[in-house]
Amino acid sequence: SDMYDIGNIVHTRTLADPDWGIKLTGKSGRNTIGFFTARDTLTPLNFPEAEGCDNTTLSLQSQGTLFHYRRDILESSTVGILLTDREGRKYYNRFGFIYSDVKFTKTDQLTFQAGGSSTLYPADTADEFEQKTGNFEGGAYGFNYNHNTENYNVYMQYQVLNPDLRADLGFITQVGYRNNEIGGEYRWRSDGDNWYNWISIYASHDYKTDYNYRPLHNVFSASFNYQGPLQSYFGISGGHGYNYYEGKKYRANFINPWGGIRPNSSTSLNIWANIGDQIDYTNNRLGSKFAIGPSIEQKIGDRLKLGLEHRYENLKVCLLYTSPSPTRP
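Residues numbered from 1 in each chain as written. Predicted model: local features only at pLDDT ≥ 70, side-chain atom pairs only at ≥ 80, totals over all residues. Heavy atoms only, no water.

Caption draft 1: Structural context of the pattern of salt bridges. With the rule as written, the count across this model stands at 11 salt bridges. Residue arginine 251 is joined to aspartate 277 by a salt bridge in which the shortest nitrogen-to-oxygen separation is 2.9 Å. Here arginine 251 is found in strand E15 (residues 248–251), whereas its partner aspartate 277 is found in strand E17 (residues 267–280), with 26 residues between them in sequence. Considered together, arginine 251 and aspartate 277 belong to a single accessibility category, that of buried residues. Between lysine 289 and glutamate 313 there is a salt bridge, with its nearest N and O atoms 4.0 Å apart. Here lysine 289, found in strand E18 (residues 285–292), pairs with glutamate 313, found in strand E21 (residues 312–317); they are 24 residues apart in sequence, far enough to count as distant. Taken together, the shared-partner salt bridges connect Asp85, Glu87 and Arg94 into one network. (Salt bridge = Lys/Arg side-chain N within 4 Å of Asp/Glu carboxyl O. Helix = DSSP H or I, 4+ residues; strand = E, 2+ residues; numbered from the N terminus. Buried < 20%, exposed > 50% of the residue type's maximum accessible area, 1.4 Å probe, protein only.)

Here you go:
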């Protein structure tokens, strides 16, 4: 999820061609501080929406600045604030973000995050990419509750991102949506010699709408994971549901198996596959996807490793299971 990953809010690749920069980090007791500022000769921009994302790079000099403060509280909890700012001629993006990660029992954890932005694009850029002219503001918030024990884990999360949210020092590629997700996992561990070392089953339901509650994604999914002798592993995941794109409803069923084994200390064999429904976004129609990727890795001595991987992918287009999307879920 975009809001739950600070790496999406701050992404160093948004500094395309910096002339100079200053970076300071430090930790004192329970307090951690980070700061950087850099002058860039180029200004990359993303224009995210609920169903897509456009982008460009302006030949515009800009100054990008970040301040991050985090404090450890209680035994294993944190609170923090993150501020970013990028300024250029007739352009700015200012973003503020607060978060808390509170573990109030040994098994229960609650994360809360909220942020907001203020943005102004150059007038010609706003016109070309159909963005708002003048200053506009957008916000976001979300929470995640997790109950994690030795044998099982259950979670639920909710996020809202306003269509006008921008984080130009980061890499947020979707805004204007509301996401609800609930799921859980049960695990079995083996301590002795057995036919398995680890087994887990997982299930979830993910329901996403745009900001006006029109459905975008409604999928039930489940998976099975196995780890055993000879560092062998096997897994399979599958899902059933629907995606919605540009007013049409598309089936979204899939099955993804994977596996591998290490028959000796120097050889590793692996394979994965992806089979299921896939939207042909260019032509706005349903397709059927098949992809497979076998690989082998061989160690030669202590310092040399050789790997060989093949990937095959095919998308077949069909015209089944499309219908107008309802305006409300």
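Caption draft 2: Just a negative patch on the surface, in detail. On the surface, a cluster of negative charge is contributed by Glu49, Glu51, Asp54, Asp124, Asp127, Glu128, Glu130 and Glu246. At 3 residues, the largest contribution of residues to the negative patch is made by helix H2 (residues 123–128). Position of glutamate 130 among the secondary structure elements: in the loop between H2 and strand E9 (136–148). (Patch = residues over 30% accessible without salt bridge, like charges linked within 9 Å, V, L, I, M, F, W, Y side chains within 5 Å. Areas by Shrake-Rupley, 256 points an atom, 1.4 Å probe, with all protein chains shown as cover. Lys, Arg positive; Asp, Glu negative; His and termini not counted. Charge placed at Lys NZ, Arg CZ, Asp CG, Glu CD.)

Caption draft 3: Representation of the side chain of asparagine 162 in the model. If you trace the backbone, asparagine 162 turns up in the loop between strand E10 (152–161) and strand E11 (177–189). Residues contacting asparagine 162, with those up to four places away along its chain left out, are Glu137, Gly138, Gly139, Val175, Gly176 and Tyr211. (Contact = heavy atoms within 4.5 Å.)

Caption draft 4: Structural context of the pairing of strand E3 (residues 43–48). For E3, the buried fraction is high: 6 of the 6 residues fall into the buried class. Burial along E3 is two-sided: the residues Thr43, Leu45 and Phe47 and Pro44, Asn46 and Pro48 are all buried. Inspection of the sheet shows E3 paired to strand E4 (residues 53–58) by 6 bridges, in the antiparallel sense. By the bridge assignment for E4, proline 44 is matched with threonine 57. Here E3 folds back onto E4, and the loop between the two strands holds 4 residues. (Pairing = 2+ DSSP bridges.)

Caption draft 5: Local environment of the packing of aromatic side chains. Enumeration according to the criterion identifies 13 aromatic pairs in this entry. Ring pairing ties together the aromatic residues Phe47, Tyr121, Phe129 and Phe136, which thus form one cluster. In this structure, arginine 94 is placed above the aromatic ring of tyrosine 92, and the distance from its NZ or CZ to the ring centre is 3.8 Å. Taking NZ or CZ as reference, arginine 178 lies 4.4 Å from the ring centre of tyrosine 211, over its face. (Phe/Tyr/Trp six-rings, centres within 6.5 Å; stacked < 30°, edge-to-face > 60°. Lys NZ or Arg CZ within 6 Å of the ring centre and 35° of its normal.)

Caption draft 6: Representation of the nonpolar core within the structure. Grouped together as the largest cluster of nonpolar side chains are 17 residues, with contacts concentrated most on Ile9, Leu161, Leu165 and Ile172. Looking at which element gives the most residues to this core, the answer is strand E7 (residues 91–103), with 3 residues. Tyr91, Tyr121, Ala126 and Phe136 belong to the second largest nonpolar core, which has 9 residues in total. (Core = buried A, V, L, I, M, F, W, Y, C linked by side-chain atoms within 4.5 Å.)

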